[in-house]
Amino acid sequence: KRLRLGRLVGHAALQSATIDIRSKGEIEEGQINGDIDAHVRDLTYNGYSYKAIQIHGHYTPKRYQGNLSIADEHLNMEFSGLVDLREKFSEVNCDLICRHFDASPLGIERLKDWRSKFKLSVDMEGVTSDKMHGYAVLDSFFFATQRDSILMRQMRLLVSAATDGNKSFTLESDYLKAQADGCFRYADLVPAFQSTLHHYLPSAVEAKKKRHEEVSL
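In this text, all values refer to a predicted model and were calculated from it rather than measured experimentally.

**Q** Help me out: how do you make sense of the packing of aromatic side chains in this one?
**A** Aromatic ring pairs are reported here in terms of the distance separating the ring centres and the angle at which the planes meet. A full pass over the atoms with the stated rule returns three aromatic pairs. The interplanar angle of 80° and the centroid separation of 5.0 Å between the aromatic rings of Trp 114 and Phe 143 together place this pair among those described as edge-to-face. Linking Trp 114 in the loop between β7 (90-102) and β8 (115-126) with Phe 143 in strand β9 (residues 133-144), this pair joins segments that are 29 residues apart in sequence. By relative accessible area, which is 17% here, Trp 114 ends up buried.

**Q** Just to check I follow, could you spell out the pairing of strand β12 (residues 177-182) for this structure?
**A** The side chains of a regular strand alternate, residue by residue, between the two faces of the sheet. As paired elements, strand β11 (residues 167-173) and β12 share six bridges and run antiparallel to each other. Counted as the bridge partner of Leu 171 is Ala 178 from β12. Hairpin geometry of β11 and β12 is characterised by an intervening segment of three residues between the two adjacent antiparallel strands.

**Q** Where do I start with the layout of surface pockets in this structure?
**A** To find the voids left in a structure, one rolls a probe of water-molecule size over its atoms. When its volume is computed, the largest pocket comes out at roughly 970 Å³. Contributing to the lining of the largest pocket are 34 residues, with Leu 138, Met 155, Leu 157, Leu 171 and Phe 193 lying nearest its centre. Of all elements in the fold, only β8, β9, β10 (149-161), β11 and α2 (190-200) reach the threshold of two or more residues within the lining of the largest pocket. For the lining of the largest pocket, the per-class residue count stands at 29 nonpolar, four polar and one charged.

**Q** I'm lost on the confidence of the model for the protein chain in this one. Help?
**A** Low-confidence regions, as indicated by low pLDDT, have predicted coordinates that should not be scrutinised in detail. Per-residue pLDDT for the protein chain averages 84, and the proportion of residues at 70 or more is 87%. In the model of the protein chain, helix α1 (residues 5-9) stands out as the element of lowest mean pLDDT, 56, in contrast to strand β6 (residues 75-84), which has the highest, 97.

**Q** So what exactly am I meant to see when it comes to the side chain of Ser 90 here?
**A** By the element assignment, Ser 90 lies in strand β7. Exposure remark for Ser 90: the relative accessible area of 13% places this residue in the buried category. Setting aside chain neighbours within four positions, we find Ser 90 in contact with Asp 84, Leu 85, Met 124, Glu 125, Gly 126 and Met 132.

**Q** When you look at α2 in this model, what are you seeing that I'm missing?
**A** Structural remark: α-helix, 3.6 residues per turn; residues separated by three or four positions point the same way. Within the sequence span of α2, burial applies to Pro 191, Ala 192 and Thr 196. The arc that holds the buried residues of α2, viewed along the axis, is 140°, so those residues lie on one side.

**Q** Would you explain the nonpolar core in this entry?
**A** One broad rule of soluble globular proteins: the nonpolar side chains tend to lie buried together. By size, the foremost hydrophobic cluster in this structure holds 42 residues, and its most contacted members are Ile 55, Phe 141 and Phe 169. Among all residues touching Ile 55, those that are not within four sequence positions of it are Ile 36, Asp 37, Ala 38, Val 40, Tyr 64, Asn 67 and Leu 68.

Cut-offs and rules
- Residues numbered from 1 in each chain as written.
- Predicted model: local features only at pLDDT ≥ 70, side-chain atom pairs only at ≥ 80, totals over all residues.
- Heavy atoms only, no water.
- Phe/Tyr/Trp six-rings, centres within 6.5 Å; stacked < 30°, edge-to-face > 60°.
- Helix = DSSP H or I, 4+ residues; strand = E, 2+ residues; numbered from the N terminus.
- Buried < 20%, exposed > 50% of the residue type's maximum accessible area, 1.4 Å probe, protein only.
- Pairing = 2+ DSSP bridges.
- 1 Å grid on protein atoms, 1.4 Å probe; cavity = no way out; pocket = protein on both sides within 12 Å on 5 of 7 lines; lining within 4 Å.
- Points joined across faces, edges and corners; volume = space filled by probe spheres on them.
- Nonpolar A, V, L, I, M, F, W, Y, C, P; charged D, E, K, R; others polar.
- pLDDT = per-residue confidence, 0-100.
- Contact = heavy atoms within 4.5 Å.
- Arc of directions from axis to C-beta.
- Core = buried A, V, L, I, M, F, W, Y, C linked by side-chain atoms within 4.5 Å.

Shown next as structure tokens:
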């Protein structure tokens, strides 16, 4: 069935999709949950139609466990695992393999020549984003534009949070090693990482102006 997804979700760039779908579920306490088996023949986003999307899994509001694959000429990827973003407790335990991503068909000026591939494994849980603990491993990461490119063999991120509000994280990669311990927000570290990425990929990542309260790495 052809659906006008943009109208349903209120997102103009997400236009329409042709979907063959089988779903079996139930409503408990006003919440929908069930199993989904879907073949998305095409999904049009910003004028480009992605082909061959397969979805097999179990869903509840803000939670999905299963598989998702895309075998399009401009995006070839596979996802498997759990993403649970419910308010009381969040958990992400999944693997993502992106064999090829070419952003040029999207017609977005800033992304017009982006190309990438990578493998990502994540195992994290916590009551809020600032109280997460676990790890993430990024393997065989390649990213390129017409002007810049970067190849990174591996990046490992280990995070932990204590009940007193203190937390720690350790990051190790080919290009950057960092460690922080204490009482801070992960959002406060973003400008420092953005400045580091700008050093290696100036055409893809904008430099972030530093403020006195920001953490430098």
